[in-house]
Structure formats: structure tokens, C-alpha cells
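Here are the chains, one letter per residue:
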Amino acid sequence: MKYTQLGRTGLKVSRLVLGTMNFGPLTTEADSHTIMDSALDAGVNFFDTANVYGWGENKGRTEEILGTWFAQGGERRDKVVLATKMYGNMAASGDAWPNHDKLSAVNIRRSVEASLKRLQTDHIDVYQFHHVDRNTPFEEIWQAIDVLIQQGKILYAGSSNFAGYKIAQANELAARRGSVGLVSEQCIYNLMERRAEMEVIPAAQEYGLGVIPWSPLHGGLLGGAIRKEREGGGSTRSSSGRSADALANPSVRSQIQAYEDLLDKHGLEPGEAGLAWLLTRPGVTGPIVGPRTGEQLASALRAVELELPEAVISGLDEIFPGPGPSPEAFAW
């Protein structure tokens, strides 16, 4: 495994981030524990989750699965850089009260305590805001976060799905307060979705945030979706939902076919190449991979060692051109 610093911090994290969203809904607790053991054995030390994972009536279930894994001991918790997120409403259906969601100081405090209990740990390494809260001022957010850092319940704060100007706004105010501010940003970023290159990633680099791409294969679309469709072995992600809807569009289908043809020409697996491409991108700490099985984890691990030829990188840019930097992308 290869490691890098998380943004401007001294924290060393693996170039792959283990995403746990499937743990509970699609992967059993026992299989989830096996995947986490395998990831740790392979050197993956950065695990990402969220309080809402488990979804529906089972919100919090994924954090509980991590908690029972940590409780097995064997230095599991000490070896893992643990990141979780908060923002969504955690109340049971039909029982949503005010202040059960978003980024008020009240909900930040409540959410941290609940996550710590489910995760069976005394601290969270990277505590992330799952979305922008347009109604809570950053003065209030940082006051709450500073208290949690002083209490030792969290070490760093990160964002997810923030616009570039919100990253700037958050960290400028943090600097004026003498607060640490954001150290990471989770954003959707992959070959199909490159808009983050325009302003989000430059803002993250300017303020020293590590970029953690989610949906690195765009819901399975970049994981060999057409080949799997042809072979009748499409995964849940690639044979339904966003991926299937996208392939119904002739222009997208043509683009994905060109992508798979290019990689086939060079003897590369699409999923591994899609992850490897992200690892070449400026500012990227590591993509989040959410394996449902051990084989999917093994495939992701191979991507870390994959060196893409320049012909492949240039070919990918031709098939999936980026938006260009701001403001040149939309001005002279």
C-alpha cells in the first residue's frame, strides 16, 4: 500500500479509502468484518462511513458493524484512521423533530455522541459535514467543532459535497477564529464527472484539504458496464440505477464503449484503470472504494500499483475531456 498526507495535516493515510456504505444493506456483518480485516492486512488504514448508512429504518447500522469489528481488538481501532459524517436526519420515520439534522451546534453534539456509541470508540479521527447547511453560520459550526476537539472526541473536521466558495468561506472564518478548519473534502469525482476540477479541487488545494473522491467508477459505469452487460454478469451497481440509465443514452454508451475499447487494447481492467486515473490527479488523497465482496476489494488494491501509460492517460482525456480550470472554462 502507498500512503500520503491528508491535506496539510501530518496524518498519513492510505491511497485507497475503504468505503463502508454497503455494510449492512448489501453485505452481512460477518462478510463486512472479513472485508475490513483484508483491507487492514493489505495496508488500507483509512475507513470512511456515515451516521445515516444502513438507510431507512436501519440508519446507524453501518457504524454499528464497524463498532463490533473494533470491539474484537487486535489493535484494529489503533491502526485505522476513522472518518464518519453527519448531516442527515437520524430520527425514525414519522418521528423527525426539529434539530435532528443539519449542522447546528445542537445536532453536531448529539450526532458525535451517538456515533461514538455505535462505533464503540472514544474518538473520531476525521469528522465530516455530509452536506452544506445554508442556514447555520460557520461561527456556530466552528464553535461546536472546537469544543469537540478540545474534549478529544474528534481530531479533524472535513467536508463533503461543498462548493469551492464554501470551502473558502469555512476556512477563512476558521483562520480568523484560530480554528483548524477543514482538512478534507469528499466530492463526486471520476472520469465521467470532472466538474470538481473547475473550482472545488483548486479551492481544496489552496486551503490544504485532501480530496477524497466518492463514486470513483460513477456507480459502476466505469467498471466495465458494457462488457458485463454483454456477458450477462452485470453487478447490482452496473446493471441498474444510474449506470443502466446512463447506458440507455446513445452518446454515453458510445463514450463508455470507447473507454472499454481503449483499455482492452492495453490489457487493462476498466475498474482498476478508473481508480488508477484518479490516483494520478493533482490534489487527490485517495478514492473511496466500497467493495461488497473480497474480490472487489482485491481489484481496488491492484489499482494502487497500476501505472497507466501516457497513451492511456491522453486517450482517457480525449474520451472524457475535463471542464478546464476556472475562470478560463467559461471566460476568455
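Predicted model only: the values in this text are computed from it and were never measured.

### Some words on the confidence of the model for the protein
Predicted confidence across the protein gives a mean pLDDT of 95, with 97% of residues reaching 70 or more. Within the protein, the element-level pLDDT minimum falls on helix α9 (residues 241-247), averaging 82, and the maximum on strand β6 (residues 124-129), averaging 99.

### Observations concerning the pattern of salt bridges
Following the criterion strictly, the structure yields 17 salt bridges and no others. The partner of E197 in a salt bridge is R194, with the nearest N and O atoms 2.9 Å apart. Judged by relative accessible area, E197 falls into the buried class, the value being 15%. A salt bridge links E295 to R302; the shortest N-O distance between them is 3.3 Å. Taking relative accessible area as the criterion, R302 reaches 41% and is therefore assigned partly exposed. Overlapping salt bridges, with partners in common, bring together R194, E197, R281 and D317 in one network.

### Observations regarding helix α5 (residues 138-151)
With 14 residues, α5 extends 20 Å between its outermost C-alpha atoms, agreeing within 8% with the 20 Å of an ideal straight helix rising 1.5 Å per residue. Among all positions of α5, only F138, I141, W142, A144, I145, D146 and L148 are buried. Packed against the buried residues of α5 are α4 (105-119), β6, β7 (154-160), α6 (164-177) and β8 (182-188). Trailing α5 by a residue or two, G152 shows a phi angle of about 80°, which is positive.

What counts and how
Residues numbered from 1 in each chain as written. Predicted model: local features only at pLDDT ≥ 70, side-chain atom pairs only at ≥ 80, totals over all residues. Heavy atoms only, no water. pLDDT = per-residue confidence, 0-100. Helix = DSSP H or I, 4+ residues; strand = E, 2+ residues; numbered from the N terminus. Salt bridge = Lys/Arg side-chain N within 4 Å of Asp/Glu carboxyl O. Buried < 20%, exposed > 50% of the residue type's maximum accessible area, 1.4 Å probe, protein only. Expected span 1.5 Å × (residues − 1). Contact = heavy atoms within 4.5 Å.

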